[in-house]
Amino acid sequence: MKYKSQKVAYWFFALSMLLFVLQLVYGFIMGFAHAGFDGLHDIIPFNTAKAVHLNLLVVWLLSGFMGAAYYIIPEEAQRELVSVKLAYVQLISLALVGVAAIIGFHFNIWEGRKFLEIPRGLDYLVVINVLLFLGIILTTLFKGKRRTTTALVLTMGLFFAALLYLPGMLPFDSQVTDSFFRWWVVHLWVEGVWELIMGGILSFLLIKLTGVDREVIEKWLYVIVGLTFLSGVLGTGHHYYYIGVNKIWLIVGGIFSALEPLAFLAMALFAVNMYRKGEKKHPNKLALYWTLGAAIVSFVGAGLLGFAHTLPQTNLYTHGTLVTAMHGHLAFWGAYAMIVLAIISYSLPNMTGRKLYDSSRGRMAFWFSNIGMIGMTVAFGVAGVVQVYLERKMKMEFMEVQKEIEVHFYVLILCATLFVTGIILYIIDFYKHGRPTDEAIDLTSTD
Amino acid sequence: MLSKKQARAFFLGGTLVTFLIFIGLTIFSLSKDVDQTNHENITEAVVRGKNLWDSNNCMGCHTILGEGGYYAPELTKVIDRRGKGYIKAVLMSPVAWEPNGRKMVAYGFSEEEALDIIEFFDWIDDIDLNGFDTVVSPLAKDNN
């Protein structure tokens, strides 16, 4: 840690971890309900659990991204944040808006729009909160001594993520156009601007961990985010195949979606090559595990598994089935959850001064969570494929099929238990690092 | 060898071009001549039905147009499969509807509300879904 104000990041990361744990609790409620045990139905029906599970994911990842920005931007811009107080105000207001939304979901206060369930009134508070965040980051960057590509890509990602929230606030009478513009937010976030954020964080971590020249890493960063947008923007079309818009999207979405894995492949190759090329052997092995893991697992989850059902001919049968849940879980985990865990693993020892590098607990956290998530993905995948064949090919009734695939949710719950064990170990590690301190400022000669 | 400047030009240029094409295709696919969203048949009852659909987060369990929670049945073409009477009974039920042991929230909608939601489903059924409607609904008229 080079600047005192970077400590703000710690509290964003702590909020992330708290919300992450809550997200997993609601995931279990849904898993058990799918397996036939919906004992909590009267208090937390499935649609509540689903809205909470999805929105907590979004909020904890955003909190992680914001924490990452508060850590990275001062170091890249070579100056303190312009206001630490405002950053804390922003943190508290983010937590309050998030918690208010989650509580509201339990009392039928929401908008029934997947991923964007936060009611309209709270949407305005989200906008104010994000504007405050962007204000702090942009002013720091503007007043800084240097403007690096890493900082610019990260900030651009955060700025466009905020801008793209707006189409989701437009009211529509038609379910089709409502859905059409909902994807402007959800798809262009996760397969567009969030990848800028991921790329920015990845670039920062690779510079710090491998010691490869910044110019080389940042050049390839441009290529990767370029490939991301080249394929991802028009790849939005794969959400438009069967929702009631023109057939042109079958062609455009099909071609550009098929290119989307290339961006993820490039990112994985880039990270692994930079690691091989790097002469600096940073002692923080755990951060390296998570960084390379994010690049590789995102290729498998977002790239390969996305491609598995993205062609229109396949998607005709898989659209609206658990096959989507298979892809969604490994994609979010690899691309976004793991990169947040990577920046936390890297920055935590620097903020607290406790160099708990390469602990066996930390390594177990990595492997348990990853093996658990891969198992969950396989369980979702098998359930999804069986669902497609029985329901869409054999024309069995929805609920008869659901009975047939219940067994796969037992497997899912077992794998989720392993996954959660890994996450708990990670959080114990987080806790063991203690609080951030100004004294840590001179202890970071190796970063 | 690619320079950093060229890499930046590739990123900015590629993004700008694809985004402009995306905007163009959006305008095209929602334009009047090729519109297949069934927009012209949206009535006040359909809008009320959609609002009830949204405000109760039905999508949190069901899917419609293939989008939603994967926990309860797809409701595109549901009228063809079940008939309006069955749907009305489910929507107005004061106790949790429980087919095969999987419970639905007992919304206990009024008759007027139930009819609005049915109007919404009816409107959905006339959207041209590029063939998805026949796949998703084994008992849909188009498929028999």
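It should be noted that the structure appears before, not after, this text.
The structure contained in this document is the topic of the report that follows. None of these values were measured; they are calculated from a predicted model.

Conventions used here
- Residues numbered from 1 in each chain as written.
- Chains lettered and ligands numbered in written order.
- Predicted model: local features only at pLDDT ≥ 70, side-chain atom pairs only at ≥ 80, totals over all residues.
- Heavy atoms only, no water.
- Helix = DSSP H or I, 4+ residues; strand = E, 2+ residues; numbered from the N terminus.
- Rg over C-alpha atoms; globule rule 2.2 N^0.38 Å.
- Buried < 20%, exposed > 50% of the residue type's maximum accessible area, 1.4 Å probe, protein only.
- Areas by Shrake-Rupley, 256 points an atom, 1.4 Å probe, with all protein chains shown as cover.
- Salt bridge = Lys/Arg side-chain N within 4 Å of Asp/Glu carboxyl O.
- Patch = residues over 30% accessible without salt bridge, like charges linked within 9 Å, V, L, I, M, F, W, Y side chains within 5 Å.
- Core = buried A, V, L, I, M, F, W, Y, C linked by side-chain atoms within 4.5 Å.
- Domains from an automatic or database assignment.
- Contact = heavy atoms within 4.5 Å.
- Buried area = accessible area lost by both parts, 1.4 Å probe.
- Polar contact = N/O pair within 3.5 Å; in protein donor to acceptor, adjacent residues only side chain to side chain.
- Nonpolar A, V, L, I, M, F, W, Y, C, P; charged D, E, K, R; others polar.
- Phe/Tyr/Trp six-rings, centres within 6.5 Å; stacked < 30°, edge-to-face > 60°.
- Lys NZ or Arg CZ within 6 Å of the ring centre and 35° of its normal.

Quick look at the overall build of chain A
- Tallying secondary structure elements over chain A gives 14 helices and 0 strands in all.
- For chain A, the N- to C-terminal ordering of α and β elements is α-α-α-α-α-α-α-α-α-α-α-α-α-α.
- The C-alpha atoms of chain A give a radius of gyration of 21 Å, which matches the 22 Å a tight globule of 447 residues would have.
- Overall, chain A is about 65 × 45 × 45 Å in size when its C-alpha atoms are taken along their principal axes.

Examining the overall build of chain B
- Scanning chain B for helices and strands turns up 6 helices and 2 strands.
- Shown N-terminal to C-terminal, the secondary structure of chain B runs as helices and strands in the order α-α-β-β-α-α-α-α.
- Radius of gyration (C-alpha) of chain B: 21 Å, far over the 15 Å computed for a compact globule of 144 residues.
- Taken along the three principal axes of its C-alpha coordinates, chain B extends 70 × 35 × 30 Å.
- Looking at chain B as a whole, 49% of its 144 residues qualify as buried.
- Accessible surface, chain B as shown: approximately 6700 Å² in total, 58% of it carbon and sulfur.

Some words on the pattern of salt bridges
Residue and element names in this part refer to chain A.
- For the structure shown, the criterion picks out 22 salt bridges over all chains.
- One salt bridge connects R113 with D178, and the closest N-O pair in it is separated by 2.9 Å. Of the two residues, R113 sits in the loop between α3 (84-105) and α4 (120-143) while D178 sits in helix α6 (residues 175-210), which places them 65 residues apart along the sequence. Here R113 and D178 have matching classes, each one buried.
- For R361, the salt bridge goes to D429, with nearest N and O atoms at 3.0 Å. Of this pair, R361 sits in helix α12 (residues 360-393) while D429 sits in helix α14 (residues 406-432); the two residues are 68 residues apart in sequence, bridging distant segments of the chain.
- What makes R361 partly exposed here is its relative accessible area of 25%.

Quick notes on a nonpolar patch on the surface
All names here are of chain A.
- A contiguous nonpolar patch, built from I251, I255, L259, L262, L265 and L269 and spanning about 520 Å² of accessible area, is present on the exposed surface.
- Position of L269 among the secondary structure elements: in helix α8 (residues 248-277).
- Residue L269 is classed as partly exposed on the basis of its relative accessible area of 48%.

Structural notes on the nonpolar core
- Judged by nonpolar contacts, the single largest core of 195 residues is most densely connected at A:W194 and A:W333.
- The element that contributes the greatest number of residues to this core is α6(A), accounting for 22 residues.
- Summarising the domain contributions, this core has at least three residues from each of domain 1 (1-35) and domain 2 (40-143) of chain B.
- Ignoring anything within four residues of it in the chain, the contact list for A:W333 reads A:F20, A:W290, A:V297, A:M338, A:L341, A:S369, A:N370, A:M373, A:F419 and A:I423.
- Listed in part, the 5 residues of the second largest apolar core include A:F264, A:F299, A:A302 and A:A331.

Structural notes on the interface of chain A and chain B
- With 75 residues of chain A at the interface, the matching set in chain B holds 71 residues.
- Around 6400 Å² of area is buried between chain A and chain B when both sides are counted, 65% of it from carbon and sulfur atoms.
- Three residues stand out in chain A for area buried against chain B, namely A:Q175, A:Y222 and A:M399, and they jointly supply 11% of the buried area on that side.
- At the boundary of chain A with chain B, the tally comes to 5 salt bridges.
- Salt-bridge contacts for A:E397 lead to B:R82; the nearest nitrogen and oxygen are separated by 3.6 Å.
- Where chain A meets chain B, there are 25 residue pairs in polar contact (both at pLDDT 80 or more).
- The greatest single-element share of the side of chain A that touches chain B, amounting to 13 residues, is contributed by helix α7 (residues 214-235) of chain A.
- In the side of chain A that touches chain B, the residues fall into 37 nonpolar, 20 polar and 18 charged.

Focus on the packing of aromatic side chains
- Following the criterion strictly, the structure yields 49 aromatic pairs over all chains and no others.
- Pairing A:F20 with A:W60 gives two aromatic rings, centres 4.2 Å apart and planes at 25°, and the pair type is stacked. Of the two residues, A:F20 is situated in helix α1 (residues 8-34) and A:W60 in helix α2 (residues 46-77); the sequence distance between them amounts to 40 residues. There is no split in this pair, since A:F20 and A:W60 are both buried.
- Here the aromatic residues A:F20, A:W60, A:Y289, A:W290, A:W333, A:F366, A:W367, A:F419 and A:Y426 are joined through ring pairs into a cluster of three or more.
- Here the basic side chain of B:R82 rests over the ring of B:Y86, its NZ or CZ set 4.9 Å away from the ring centre.
- Lying over the aromatic face of B:Y71, B:R102 brings its terminal NZ or CZ to 4.2 Å of the ring centre.

The analysis is restricted to geometry; functional conclusions fall outside its scope.
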